[in-house]
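# Fold and contact review
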Amino acid sequence: MTRPIDGMAVMPETQAPWPARDGLRITAVRSIVTAPEEVPLVVVRVDTSDPGLYGLGCATFTQRFHAVAAAVDRHVGPMLIGRHPADIEDIARMVHLSSYWRGGPVLNSALSGVDQALWDIAGKRAGMPVYELLGGRVRAAADTYLHAGGATVEETIENAAAILADGYRNVRLQTGAPGLGNYGAPGSPGGYPASPYPDGWDVQRYLRETPKLFERARAELGEEPGLMHDVHSRLTVKQAVALARALEPYRLFFLEDPIPPELYDRLPEVREAAPMPIAAGEQVASVADAARLVKDGGVDLLRLHVSAVGGLTPARKLVALCELTGVGTAWHAPADVSPIGAAANVALDVTSPAFQIQEGHVYPEAVHEVFPGTISPVNGYLYPSDRPGWGIDIDEAAAVRHPPVTHLHERWAARVRRPDGGIEAP
Ligand code: MG
């Protein structure tokens, strides 16, 4: 037997076998896709029987946003109709287990959208920001770093100096190269005219030139700034160790994603040999895989794309694991995390002693229009909103003015190849 709630049918099988404390119920769940910064963002809205009480969650997997939206609207959402929105843990487990083949970035992102929306509702019901529901702050704000990229070493350092002059204390450096360029920095097309793929990326050149960038950076930016570098999964284990050792004199804050996720069983070898902290995990799409990175000694700093592991509920368990094992956190949060996901990151950052640093992103005005309440860094620090829930809303009329572009990522990623024509990690 099913009974309708606001036009959506209740599935009796997905209801809790315990009485709810009050009559509040979930009445609708739907995805919203928008791209105010051209990067497709997926947000989930969960409505309740209390008029005006709704929650928003980040379900962004920008490369496969159609699949996430379908998972939310067709599979996950209908299971929640009629449930009490306070049953967050049970709903998260039910959604996770009900697909039998569980996890993966598509289903976890869909789960994250509803999970974070339920935390938003919980905060709004309590009249508290989510960070208070998590136990309250252990720090005032999350220190951040921004990205400095450039076609040349000079340009990269110039951009880094501008970021530091804006009040930031930490910066990630990426410099271009002949061909397609290094990750996060442009290349000069046709760098290898005698090769089968003239726009290719040369790993040996990258290994030679990257230490020179950091030598110049320390000389010109000084001893103080925290300096990061993202390899973006392009190296073998031995190449990663060689790069880490070559970068030792420049005291990096962390070296990120030195090897591809397919080789994470060997990340402890890299970490053992690297003089600086190793940060990895943003490509992990399973809470169990993320836990293995921590337990097996693969990371000094766990990075999570929180929506890819299923949202705040699983992420806060990983945070607790990090706290208990002496591993730090440094969450992923550039343009392919919605402002709601960014707020969830900050809620975790300010409530955990494991927090080390937060990847920052300065959202353009169009994003602020679509997401009123979007947090902006102040002197490089991200402060959580004190409003109930995440403190961030969505203007759906503004959101529809920014339709998503399909295959935005593929147009770039599919072109990343070596000079011999072999495909490379983007
Ligand atoms: Mg990265």
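Quick caveat, the model's predicted, so the values are computed rather than measured.

### Quick word on the domain arrangement of the protein
In terms of domains, the protein is made up of domain 1 (3-127) and domain 2 (133-390). Centre-to-centre separation of domain 1 and domain 2, based on C-alpha positions: 29 Å. Taken together, the links from domain 1 to domain 2 amount to 1 salt bridge. A salt bridge links E89 to K317; the shortest N-O distance between them is 2.5 Å. Inspection of the region where domain 1 meets domain 2 yields 14 residue pairs in polar contact (both at pLDDT 80 or more).

### Remarks on the pattern of salt bridges
Counted under the stated rule, the structure contains 23 salt bridges. Linking D386 and R137 is a salt bridge whose minimum nitrogen-to-oxygen distance equals 3.2 Å. Note that D386 is positioned in the loop between β14 (381-382) and α13 (396-399) and R137 in the loop between α4 (130-133) and β6 (142-150), a separation of 249 residues in sequence. The partly exposed category is assigned to R137, whose relative accessible area is 34%. Note that R271 is salt-bridged to D300, the shortest N-O span being 2.9 Å. Residue R271 is found in helix α8 (residues 267-273), and its partner D300 is found in the loop between α9 (287-295) and β11 (301-302); the two are separated by 29 residues along the sequence.

### Remarks on the confidence of the model for the protein
Mean pLDDT for the protein: 96, with 98% of residues reaching 70 or above. The secondary-structure element of the protein with the lowest mean pLDDT is strand β1 (residues 4-5), recorded at 64, while strand β5 (residues 54-58) shows the highest, at 99.

### A word on the environment of A126
Mapped onto the secondary structure, A126 falls in helix α3 (residues 104-126). By relative accessible area, which is 41% here, A126 ends up partly exposed.

Parameters and conventions
- Residues numbered from 1 in each chain as written.
- Predicted model: local features only at pLDDT ≥ 70, side-chain atom pairs only at ≥ 80, totals over all residues.
- Heavy atoms only, no water.
- Domains from an automatic or database assignment.
- Salt bridge = Lys/Arg side-chain N within 4 Å of Asp/Glu carboxyl O.
- Polar contact = N/O pair within 3.5 Å; in protein donor to acceptor, adjacent residues only side chain to side chain.
- Helix = DSSP H or I, 4+ residues; strand = E, 2+ residues; numbered from the N terminus.
- Buried < 20%, exposed > 50% of the residue type's maximum accessible area, 1.4 Å probe, protein only.
- pLDDT = per-residue confidence, 0-100.

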